[in-house]
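Breakdown of the fold
Each chain is listed here by its residues.
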There are 2 protein chains.
Amino acid sequence: MTTAKRDTYTPETLLSVAVQVFNERGYDGTSMEHLSKAAGISKSSIYHHVAGKEELLRRAVSRALDGLFGILDEEHARVGHAAERLEYVVRRMVEVLIAELPYVTLLLRVRGNTGTERWALERRREFDHRVAELLKAAAAEGDVRGDVEVRLATRLVFGMINSIVEWYRPDGRGMNEREVADAVAQLVFGGLRNAG
Amino acid sequence: MTTAKRDTYTPETLLSVAVQVFNERGYDGTSMEHLSKAAGISKSSIYHHVAGKEELLRRAVSRALDGLFGILDEEHARVGHAAERLEYVVRRMVEVLIAELPYVTLLLRVRGNTGTERWALERRREFDHRVAELLKAAAAEGDVRGDVEVRLATRLVFGMINSIVEWYRPDGRGMNEREVADAVAQLVFGGLRNAG
DNA sequence: CCTTGTCCCGACCGATCGTTCGGTTACTCT
DNA sequence: AGAGTAACCGAACGATCGGTCGGGACAAGG
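Criteria and cut-off values
Residues numbered from 1 in each chain as written. Chains lettered and ligands numbered in written order. Predicted model: local features only at pLDDT ≥ 70, side-chain atom pairs only at ≥ 80, totals over all residues. Helix = DSSP H or I, 4+ residues; strand = E, 2+ residues; numbered from the N terminus. Buried ≥ 20, exposed ≤ 12 C-beta atoms within 10 Å, placed from the backbone. Contact = placed C-beta atoms within 7 Å. Near = placed C-beta within 6 Å. Nonpolar A, V, L, I, M, F, W, Y, C, P; charged D, E, K, R; others polar. Domains from an automatic or database assignment. Expected span 1.5 Å × (residues − 1). Least-squares fit on C-alpha atoms with pLDDT ≥ 70 in both. Core = buried A, V, L, I, M, F, W, Y, C linked by C-beta atoms within 7 Å. Axes fitted to C-alpha atoms, helices over the stretch in contact; angles between N-to-C directions. Left-handed = near helix turned anticlockwise from the far one by under 90°. Parallel < 35°, antiparallel > 145°, perpendicular 65-115°, else oblique.

1. Thoughts on the overall build of chain A
- Along its length, chain A carries 10 helices and zero strands.
- Taken from the N to the C terminus, the helices and strands of chain A come in the order α-α-α-α-α-α-α-α-α-α.
- Considering only C-alpha atoms, chain A reaches an extent of 65 × 35 × 30 Å along its principal axes.
- Looking at the 196 residues of chain A, the share that counts as buried comes to 36%.
- Long-range pairs, those at least 24 residues apart, make up 68% of the contacts in chain A between residues at least 6 apart in sequence.

2. Topic: the environment of glutamate 55 of chain B
Residues and elements named next belong to chain B.
- Tracing the sequence through the fold places glutamate 55 in helix 4 (residues 53-73).
- Classification of glutamate 55 as partly exposed rests on a count of 16 C-beta atoms within 10 Å.
- Distance in space between the C-alpha atoms of glutamate 55 and leucine 15 is 9.6 Å, their sequence separation being 40 residues.

3. Things to note about the protein's contact with DNA strand C
- What surrounds DNA strand C is a group of 18 residues, the closest being Ile41 and Ser44 of chain A together with Ser31, Ser44 and Gly52 of chain B.
- Of all the secondary-structure elements, those providing two or more residues to the surface near DNA strand C are helix 3 (43-49) of chain A together with helix 2 (32-39), helix 3 (43-49) and helix 4 of chain B.
- No other element matches helix 3 of chain A, which puts four residues into the surface near DNA strand C.
- Class assignment for the residues of the surface near DNA strand C results in four nonpolar, eight polar and six charged.

4. Side note on the domain arrangement of chain A
Residue and element names in this part refer to chain A.
- Taken as a whole, chain A is organised into domain 1 (11-49) and domain 2 (61-192).
- Spacing between the C-alpha centres of domain 1 and domain 2 amounts to 28 Å.
- Contacts between the two partners involve four residues from domain 1, matched on the other side by four residues from domain 2.
- The class makeup of the residues in the side of domain 1 that touches domain 2 is two nonpolar, two polar and no charged.

5. So, the interface of chain A and chain B
- In this complex, chain A contributes 26 residues to the contact, which on the side of chain B involves 25 residues.
- Of all the secondary-structure elements, those providing two or more residues to the side of chain A that touches chain B are helix 9 (150-162) and helix 10 (177-192) of chain A.
- In terms of residue count, the dominant contributor to the side of chain A that touches chain B is helix 9 of chain A (eight residues).
- Of the residues in the side of chain A that touches chain B, the class split is 11 nonpolar, nine polar and six charged.

6. Some details on helix 9 of chain A
- Across its 13 residues, helix 9 of chain A extends 18 Å between first and last C-alpha, which sits within 8% of the 18 Å expected from 1.5 Å per residue.
- Among the 13 residues of helix 9 of chain A, 10 are classified as buried, and the element is accordingly described as predominantly covered.

7. Describing the protein's contact with DNA strand D
- Surveying the vicinity of DNA strand D reveals 18 residues, the closest of which are Ser31, Ser44 and Gly52 of chain A together with Ile41 and Ser44 of chain B.
- If you list the elements that add at least two residues to the surface near DNA strand D, you get helix 2 (32-39), helix 3 and helix 4 (53-73) of chain A together with helix 3 of chain B.
- Element by element, the count of residues in the surface near DNA strand D is highest for helix 3 of chain B, at four residues.

8. A closer look at the environment of threonine 8 of chain A
Residue and element names in this part refer to chain A.
- Along the chain, threonine 8 turns up in the segment before helix 1 (11-25).
- A tally of 11 C-beta atoms within 10 Å means that threonine 8 is categorised as exposed.
- Sequence spacing of threonine 8 and valine 61 is 53 residues, and the spatial spacing of their C-alpha atoms is 24 Å.

9. A look at the relation of the copies chain A and chain B
- Here chain A sits on chain B after a turn of 180° about the axis and a move of 0.0 Å along it, with an RMSD of 0.0 Å. The symmetry that links the two subunits is that of a two-fold axis.
- A share of 96% of interface residues in chain A that are also interface residues in chain B marks the association as one of identical surfaces.

10. Focus: the nonpolar core
- In this structure, Ile161 and Val184 of chain A together with Ile161 and Val184 of chain B are the most contacted members of the largest nonpolar core, which totals 102 residues.
- For this core, the two domains that each supply at least three residues are domain 1 (11-49) and domain 2 (61-192) of chain A.
- Residues contacting isoleucine 161 of chain B, with those up to four places away along its chain left out, are Val90, Met93, Val94, Leu97 and Val184 of chain B.

11. A look at the packing of helix 6 (residues 82-99) of chain B against helix 8 (residues 115-140) of chain B
All names here are of chain B.
- Interaxial distance between helix 6 and helix 8 falls to 8 Å at its minimum, and their mutual angle equals 145°. Of the two possible hands of crossing, helix 6 and helix 8 adopt the one that is left-handed. For the pair helix 6 and helix 8, contact is made by Ala82, Ala83, Arg85, Leu86 and Val89 and by Val131, Leu134, Leu135, Ala137 and Ala138, respectively.
- Within the contact of helix 6 with helix 8, the residues separate by chemical class into nine nonpolar, no polar and one charged.

12. Focus on the packing of helix 4 of chain A against helix 8 (residues 115-140) of chain A
Residues and elements named next belong to chain A.
- Between helix 4 and helix 8, whose axes approach to 10 Å, the crossing angle comes to 10°. In terms of axis orientation, helix 4 runs roughly parallel to helix 8. Along its contact with helix 4, which presents Glu54, Leu57, Arg58, Val61, Leu65, Leu68, Phe69 and Leu72, the element helix 8 presents Thr116, Ala120, Arg123, Phe127 and Arg130.

13. Here's the deal with the environment of arginine 58 of chain A
- Here arginine 58 of chain A is to be found in helix 4.
- Take arginine 58 of chain A: there are 19 C-beta atoms within 10 Å of it, and that puts it in the partly exposed class.

Shown next as structure tokens:
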């Protein structure tokens, strides 16, 4: 066996607590005192596990970005018709967004005040750009309507998907990832799919 | 004549500066020092015009909320078929959101740390509820597809519309309010409109 | 037993937070 | 010119910020 240690904090378990507080109060609105209360350890003890507040943010957004970029490496996102690859990516985005909900939530709210935040924004733009190219390819193949500009459509679709973090809560008997992904796909492609 | 005063700050002109900084750095990430630098007056002078930081936030979100609720009082939002009223509201939401862009942007980012923020969130929920009722009526009249739950569809449509504040910038020769409203309406109702 | 290293703590650091205060400048009105 | 006042400022307030420090509790290995 590898890990059957003690009942104590690790950087990962501490991160899950921190991200939750960050999402409730906002990153700038959260003090290390808030984190220590939520974690149940003293403020100084936090620095035994992580370098500081900004490292917690970096770990969180990294996890979210890894999940999103991982989608683009999957087979169904790389081969096939552009429209089908696009639909696959859209559905997987919803699933990843829900699976890593607090981390993606935090990622989508960074403003760019610190170096870590600016790095996160840059990687987000890179991901958006990759998906926009996919939509452009689908439009070129004639499977997506052409009367709405590609860049504008991409932004609006991202807006719809990303807004899930504002209301989806996994408590109890709510809808699961698949149901939300289906609804999003129906709304997005019912409006995007070429009628002719 | 009423106002041909001096070249000095009023609560309104100060507000426009403050809202811009709030949106760049986030409300919690903005200090009164930041505001004084951006406004070009000393920190203490700000308190000659407004009671404090939170009043600036309250004035800003009030302006945004007034614009949004004003839509529901307009004639085209009150009379006619539900589907047509809904489309009118969606288009007007885009227009108001762009006309009052910085104020609505700030409204959509409040987290609920202070009393003012919680009040803003409550009024937002009230507005969302009013629009959701409109969509429900349109579904009951058969003009909107019924295979996607009303509440879910409302949230996704709001997500798409509200995301405009994340990328729309009025600089130079960009697209105007009407063009964005048309694109949103096409995407939203191309997916919402009943095919049968 | 004693050492070693993990985990944690209270006390404290300089800096910055939103806000207050006493006083000065500059414009308006008579 | 003089009075009144709106606009503004530098200095300082107590509180809180993110982060540091020296040391204590506790388990594992000898």
